[in-house]
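Residues per chain, in single letters:
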Amino acid sequence: VQLVESGGGLVQAGGSLRLSCAGSGENFSIRNMGWFRQAPGKEREFVAAVTWSGRNTYYADSVKGRFTISRDNAKNMVYLQMNNLEPADTAVYYCASKRDYYSDYTTDYDDWGQGTQVTVSS
């Protein structure tokens, strides 16, 4: 599966952004999808995940209540709506896919996009 992220940018604290991830290739609609982020000098960390059906979603504690992950299998798209952004959310955001079960470990994911930069100013 090939993945391409878009929607990043510069926003003030308290603002919102919506990231998109376009998927192509076989079986996108049956792959579990995740969003991860990596800030300078830090390890890549889990942000949110959605199961292949869209029925179940999972979030890191740091974004719970502010971010929403969703998917549209008819369009091969996954989204991350980010509200009430904080400077600590500044990072490169990556979309990733995997088979089988949900996971919040980067090493469990098979396919990755190139990332999109999100910068939140104070």
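Below is a short write-up of the structure.

Thresholds, definitions, all that
- Residues numbered from 1 in each chain as written.
- Predicted model: local features only at pLDDT ≥ 70, side-chain atom pairs only at ≥ 80, totals over all residues.
- Heavy atoms only, no water.
- Pairing = 2+ DSSP bridges.
- Helix = DSSP H or I, 4+ residues; strand = E, 2+ residues; numbered from the N terminus.
- Axes fitted to C-alpha atoms, helices over the stretch in contact; angles between N-to-C directions.
- Buried < 20%, exposed > 50% of the residue type's maximum accessible area, 1.4 Å probe, protein only.
- Polar contact = N/O pair within 3.5 Å; in protein donor to acceptor, adjacent residues only side chain to side chain.
- Contact = heavy atoms within 4.5 Å.
- Disulfide = S-S within 2.5 Å.

Focus: the sheet that holds strand β8 (residues 77–82)
Logical step 1: Ordered in space as β1-β3-β8-β7, the four strands form an open sheet in which the pairing is antiparallel. The two strands at the open ends of the sheet, each matched to only one other strand, are β1 (2–6) and β7 (67–72). For this sheet, the mean inter-axis angle between neighbouring strands, taken without regard to orientation, is 15°.
Logical step 2: Pairing of β1 with strand β3 (residues 17–24), which is carried by five bridges, proceeds in the antiparallel orientation. Pairing of Ser-6 across the sheet is with Ser-20, part of β3.

Looking at unusual backbone geometry
Negative phi is the rule for most residues except glycine; trans is the rule for most peptide bonds.
Logical step 1: Located in the positive-phi region is Asn-84, a residue other than glycine, with phi close to 50°.
Logical step 2: Residue placement: Asn-84 occurs in the loop between β8 and β9 (91–98).
Logical step 3: One non-glycine residue, Asp-100, adopts positive backbone phi at about 60°.
Logical step 4: With respect to the helices and strands, the residue Asp-100 is situated in the loop between β9 and β10 (111–112).

Structural notes on the side chain of Ser-103
Logical step 1: Residue position: Ser-103 is located in the loop between β9 and β10.
Logical step 2: On the accessibility criterion, Ser-103 (4% relative accessible area) is buried.
Logical step 3: Side chain to side chain, Ser-103 and Asp-108 meet in a polar contact 2.6 Å long.
Logical step 4: The residues touching Ser-103, leaving out its near neighbours within four places in the chain, are Phe-46, Ala-49, Lys-98, Asp-108 and Tyr-109.

Some points on the state of the cysteines
Between two cysteines, a covalent bond joining their sulfur atoms is known as a disulfide.
Logical step 1: By the definition in use, this model includes one disulfide.
Logical step 2: At a sulfur-sulfur separation of 2.1 Å, the disulfide partner of Cys-21 is Cys-95. Around the S-S axis, the bridge from Cys-21 to Cys-95 shows a dihedral of about -80° and counts as left-handed. Here the residue Cys-21 occupies a position in strand β3, and Cys-95 occupies one in strand β9, the gap between them amounting to 74 residues.
Logical step 3: Look at Cys-21 and you get buried, because its relative accessible area is 0%.
Logical step 4: Looking at Cys-95, the relative accessible area reads 0%, which means it is buried.

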